[in-house]
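Here's the letter readout for the chains.
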Amino acid sequence: MPWRLRVLGAVLNRAAEPVEEVTDHAAARARRRKLWASPAGAAVFGRADSRVTVEDLDIALPGRTLRARVYRPSGVGDGPRPVVVNYHGGGWVQGEPEQSEWFASRVAARTGVVVISPSYRLAPEHPYPAAVDDAWEALCWIVEHAERLGVDAGRVAVMGDSAGGNLAAVTAMTARDKGGPEVGAQILIYPAVEMYEKYASEIAMPDAPVLTSANMRAFVRLYLQDAYGTDDQQASPLRAGSHEALPPAFILTASADPLLDNGVHYRDALRRAGVQVRYREYDAAIHGFVSLPGLMRGPAHAALDDVTEYLAEHLVVG
C-alpha cells in the first residue's frame, strides 16, 4: 500500500469508532449523522449535485415504512425516466441514504436517470434477513409505483456499495429467481458477497483505511446473529447454486481494500456462468472511496465516469 494511504489509514482509523467496541448503535449512528451534516462532513463526503432535485419518499410496506431519497435530474424531457435503485453501505449496521448523496446525485445529473436510495432496517436491532427483505420489497414497490414516480418499470438497474453491494447482488438474484421485476443491470461497488472466507486481500490488509478485518468480522456477526453459519445465497451471493441468467454486472473494487477479493471472486463466478461482466480495480483507492470525494477525488470521479458510461449503455438512457 502506498505510504500516503498508510498515513491516511492511520488517521482515519484512529478517528473512527471501531464497530466491535460500540455498545449503543443508535447513538453511534447519530454521531455519524452529525458528522455528515457538519461543514467538515461536507468537505469530505460532498453534497448533492445542483443539477438534480432531491426529494424524500416514504415506501410503505407491511408493518413498516422505509425512508428513501430520490434524485431527479433537472431539464430532461417528458416521459418516464430509467431508474436506479441504490443501496447504501455501512456493514448492515450503519449508514443511511444520504451518505451516497454525492455519487447518486451525480449519476442522476449526468445520465438523466432517476436514482432512488431506500433505507433498510439495520442490525443488530433488526438482524438478517431484515435488510434483504427491505431491499427486495423496496425494489418491488418502486416498480409497482413506477407511473406515480415518473420512472420506467422496463428500465431498472440496482446499485450499491459494500453492504449495499451485497443487497444489490442479492436483489438481482431474487428478481431472477422470482421471474421479475426485470433488472437490466447491477452495479456492485466493492461488494461484500461472502460472509466467512478470509481472502488474500483481507489477510494482506487487516488494518486498511476505513474498513479493517476486525470491522468486517464484527459487521458479519452483528448482521447474521443466530443465522451465522448459513450458506444461504441471500447472505453470501457468491455461494449461490447458480449465477446463470443474472443481469449484466459492473463490479468496482479498490486496490487498498480488504474486500477487494470479494469483488474479484464474484466477477469470476459470474463470468463462469456466462454473465456479462465489466470490472475495474481503482488504483490508490480505499474502501468507501465513492462516498469520500473530498479525500479520494481522483478515484471517485473516475468511478463516476465509468458508472455513468455503463448506465448509458445498459439502460438505453435517452
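Keep in mind the model is a prediction, meaning the values are calculated, not measured.

S.K.: Quick question: what am I supposed to make of the pairing of strand β4 (residues 114-118) here?
M.R.: Looking along a regular strand, one sees the side chains alternate between the two faces of the sheet. For β4, a buried count of five out of five residues is recorded, marking the element as mostly surrounded by other parts of the structure. Residues Val 114, Ile 116 and Pro 118 of β4 are buried on one face, and the alternating residues Val 115 and Ser 117, pointing to the opposite face, are buried as well. Relative to β4, strand β2 (residues 64-73) runs antiparallel, the two sharing four bridges. Paired with Ala 68 across the two strands is Pro 118, which belongs to β4. Of the strand pairs in this sheet, strand β3 (residues 81-87) and β4 are connected by three bridges, and their pairing is parallel. Pairing of Val 84 across the sheet is with Val 115, part of β4. Tracing the backbone out of β3, into helix α4 (residues 101-111) and back to the parallel element β4 gives a crossover that is right-handed.

S.K.: Is there a simple way to explain the sheet that holds strand β8 (residues 277-286) in this structure?
M.R.: To summarise the sheet geometry, strands pair through backbone hydrogen bonds and adopt either a parallel or an antiparallel arrangement. Taken in spatial order, the eight strands of this open sheet run β1-β2-β4-β3-β5-β6-β7-β8, and their pairing is mixed. Every other strand in the sheet has two partners, leaving β1 (52-61) and β8 as the edge strands with one partner each. On average, each strand axis in the sheet is inclined to that of its neighbour by 20 degrees, with strand direction left out of account. By the bridge criterion, ten bridges tie β1 to β2 in an arrangement that is antiparallel. Across the sheet, the residue bridging to Ile 59 is Leu 66, located in β2. Helix α5 (residues 130-144) contacts β1, β2, β3, β4 and β5 (151-161) of the sheet and is inclined by roughly 110 degrees relative to β1.

S.K.: Help me understand the packing of aromatic side chains, please; the structure alone is not making it clear to me.
M.R.: The description of two aromatic rings rests on the distance between their centres and on the angle between their planes. Per the stated rule, a full pass over the model turns up seven aromatic pairs. Summarising the aromatic geometry, the rings of Tyr 128 and Tyr 223 are spaced 5.6 Å apart at their centres and angled 80 degrees between planes, so their arrangement reads as edge-to-face. You can see Tyr 128 sitting in the loop between β4 and α5 and its partner Tyr 223 sitting in helix α9 (residues 213-224), a full 95 residues away along the chain. Summarising the burial analysis for this pair, Tyr 128 and Tyr 223 share the class buried. Among the aromatic residues, those joined into a ring-pair cluster are Trp 92, Tyr 128 and Tyr 223. The ring of Tyr 228 carries Arg 221 above its face, with NZ or CZ at 3.9 Å from the centroid.

Calculation notes
- Residues numbered from 1 in each chain as written.
- Predicted model: local features only at pLDDT ≥ 70, side-chain atom pairs only at ≥ 80, totals over all residues.
- Heavy atoms only, no water.
- Buried < 20%, exposed > 50% of the residue type's maximum accessible area, 1.4 Å probe, protein only.
- Helix = DSSP H or I, 4+ residues; strand = E, 2+ residues; numbered from the N terminus.
- Pairing = 2+ DSSP bridges.
- Right-handed = clockwise from strand over helix to strand, strands pointing away.
- Axes fitted to C-alpha atoms, helices over the stretch in contact; angles between N-to-C directions.
- Contact = heavy atoms within 4.5 Å.
- Phe/Tyr/Trp six-rings, centres within 6.5 Å; stacked < 30°, edge-to-face > 60°.
- Lys NZ or Arg CZ within 6 Å of the ring centre and 35° of its normal.

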